[in-house]
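Observations on the three-dimensional arrangement
What follows is each chain in one-letter form.
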Amino acid sequence: MRRLHTKELRIATRNTSRAINRQIVLNLLRTHQPVSRAALARLMGMQRSAVGLLVNELIAQGLVREGATGEASRGRKPTLLHLDSRGRCAAAADMRATRTFLALTDLMGRELSPVVSFATDHDPGAFVQNLAGRVRRLLAEHPEAGRCQGVGLAVPGMLDRSGSVVVHAPRLGWRNVALKEPLAAALGLPVELENAAKACALAQLWATRGDAQPSGDMVFLSVSDGVGGGVVVGGEVLRGRHNVAGEFGHMPLSVDGPLCACGSPGCWEVYVSNLATLSRYVGRPVPPLPAELGDLTVDGLAVRARSGDVRALTALLATARYLGLGLASIVNALDPARIYLSGEITSAWDLIESTVRAGMAERTLVAAGGDTEIVVVQTEERPRLRGAAALVGVPAFGDDQGSSGRVLHSSGDAPAQRLGNPRRR
Ligand SMILES: [Zn+2]
């Protein structure tokens with residue numbers, strides 16, 4: 001059940017069974033499209049006529065469209081339904097401490113333009129102007145992408161509960177930086193900000209098949225310039241009281257370890273981030289990298305390790321052990337059904353998995369904890385960019401349209417899950 005607070009009474013009054021059924025139709029379409037009205041009715045366990053009325057309403061609102069006709073064993077061939085995301089796009093931006101990546105996507109997160117990237121300006125005003133200029137240019141270059149519905153920006157830091165102020169972004173050196181309003185003003189478009197790992201968790205939730213049994217609690221971990229985490233509990237992204245739930249990167253691993261960007265010594269992040277791995281390889285803290293290594297990345301390190309560079313393999317395995325120890329703490333604290341792992345280090349997964357597993361097994365409190373499923377999300381899948389796109393796509397097709405100004409209090413799948421499996425009669 002949705003947890004209700006007096007402030008959210010508007011949601012309670014809006015969520016009549018009809019609104020919930022509409023939402024289930026949208027979710028089933030998102031995950032099963034193209035699908036016929038008859039199949040929808042079967043999936044929902046509802047009368048075909050009732051589903052037909054809902055579908056007609058969604059077509060009139062431009063959320064659903066009719067496509068080709070499907071096959072039928074006998075009788076009239078059914079017209080197949082799709083979510084209608086034509087003529088509309090999102091600008092999705094993945095901001096990292098070093099570079100920012102930007103692409104136009106449709107509202108389901110599929111890329112409609114090439115991904116462009118630029119160095120991240122650490123001055124907030126300059127960053128806003130630069131990003132706004134590049135969004136405008138991309139939109140001008142790709143008129144075929146359609147009308148831009150909004151900008152989704154995945155931020156490497158913690159946001160306030162309203163999602164408009166970056167409260168703390170250690171690797172950017174930002175504290176209490178208002179970002180949403182200046183960017184919206186510069187672009188004249190709606191802007192949605194989210195912590196990068198929470199955005200990834202949301203996108204993962206959004207991609208889950210709507211009719212599947214709730215797959216249990218999960219953690220999305222992004223190991224990159226820094227370490228970010230997003231937690232999904234009971235089908236919702238966990239925020240906590242101050243919207244900082246999931247900041248696993250700053251769990252202390254050693255009280256007298258190296259200094260972290262957050263100002264404290266020995267955070268998990270300083271042992272497993274890309275810079276930590278590269279520093280181990282170089283034998284001193286980076287940046288800067290020695291000139292002869294060019295712009296060596298962790299992916300590059302994995303290539304070197306595979307071609308017999310023992311020092312590269314040793315650096316990766318040291319990171320793997322620390323990764324396992326931290327994952328054990330996450331398992332001990334949350335006992336999730338699944339952990340999604342993303343970031344450049346995953347390009348070395350075949351080399352490091354057994355060491356990561358050994359580190360987990362060493363510190364998880366029950367043996368089964370060490371076997372927690374880890375799903376590697378490859379860098380090529382661009383999870384953070386998909387997460388940024390979901391910030392615009394979820395409110396367009398999701399259930400929390402307009403509620404309290406934030407889109408992420410629950411997932412697109414939540415209504416179906418709240419009602420149980422619609423397949424069940
Ligand atoms: Zn820290």
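**A few points about helix H12 (residues 349–363)**
- Here H12 spans 20 Å end to end across 15 residues, near enough to the 21 Å set by a 1.5 Å rise per residue.
- Tucked into the core, H12 has its buried residues touching helix H11 (310–334).

**Considerations on unusual backbone geometry**
- For the peptide bond that leads from Val-286 to Pro-287, omega is 0°, which places it in the cis range.
- Position of Pro-287 relative to the elements: it lies in the loop between helix H9 (274–282) and helix H10 (298–306).
- Note the cis peptide between Pro-287 and Pro-288, where omega equals 0°.
- Among the structural elements, Pro-288 can be located in the loop between H9 and H10.
- In this structure, Asn-243 takes a positive phi of about 65° despite not being glycine.
- Inspection of the secondary structure puts Asn-243 in the loop between strand S14 (236–237) and helix H8 (269–272).
- The residue Asp-335 is not glycine, and still its phi comes out positive at about 45°.
- Within the secondary structure, Asp-335 sits in the loop between H11 and strand S15 (338–342).
- Classification of Asp-335 as partly exposed rests on a count of 15 C-beta atoms within 10 Å.

**Some details on the sheet that holds strand S1 (residues 35–36)**
- With respect to topology, 3 strands assemble into an open sheet ordered S1-S3-S2, the strand pairing being antiparallel. Looking at which strands have only one partner, the edges of the open sheet turn out to be S1 and strand S2 (64–69).
- Bridge count between S1 and strand S3 (residues 79–83): 2 bridges; the pairing is antiparallel. Bridged to Ser-36 within S3 is Leu-80.
- The sheet strands contacting helix H4 (residues 48–60) are S2 and S3, and the helix crosses S2 at an angle near 110°.

**Comments concerning the packing of H10 against H11**
- Between H10 and H11, whose axes approach to 7 Å, the crossing angle comes to 125°. Taken as axis vectors, H10 and H11 run oblique relative to one another. Here the hand of the crossing between H10 and H11 comes out left-handed. Contacts from Leu-301, Ala-302, Arg-304 and Ala-305 in H10 reach Ala-312, Leu-313, Ala-315 and Leu-316 in H11.
- Of the residues assigned to the contact of H10 with H11, the class counts are 7 nonpolar, no polar and 1 charged.

About the cut-offs
Each chain has its residues counted from 1, following the order in which its sequence is written. Given that the model is predicted, a residue must reach a pLDDT of at least 70 before its local features are reported, and side-chain atom pairs must reach 80 or more before they are shown or counted; all residues, however, enter totals for whole chains, interfaces and linings. Working definition: helices are DSSP H or I runs of at least four residues, strands are E runs of at least two. Numbering for both runs from the N terminus. For a helix, the expected span equals 1.5 Å multiplied by the residue count minus one. By definition, residues are in contact whenever their C-beta atoms, placed on the basis of the backbone, come within 7 Å of each other. Three exposure classes are used, based on other C-beta atoms lying within 10 Å of a residue's own C-beta, which is placed from the backbone: buried for 20 or more, exposed for 12 or fewer, and partly exposed in between. Between any two strands, pairing holds if DSSP finds at least two bridges. Between the N-to-C directions of two axes lies an angle of 0 to 180 degrees, each axis being a line fitted to C-alpha atoms and, for a helix, fitted only over the stretch in contact. For classification, angles of less than 35 degrees are called roughly parallel, those exceeding 145 degrees roughly antiparallel, those between 65 and 115 degrees roughly perpendicular, and all remaining angles oblique. The sense of a crossing depends on the near helix, which, turned anticlockwise from the far helix by less than a right angle, makes the crossing left-handed and, turned clockwise, makes it right-handed. Residue classes follow a fixed rule: Ala, Val, Leu, Ile, Met, Phe, Trp, Tyr, Cys and Pro count as nonpolar, while Asp, Glu, Lys and Arg count as charged, and any other residue, Gly among them, counts as polar.

Function cannot be read off these values alone, since they describe shape.
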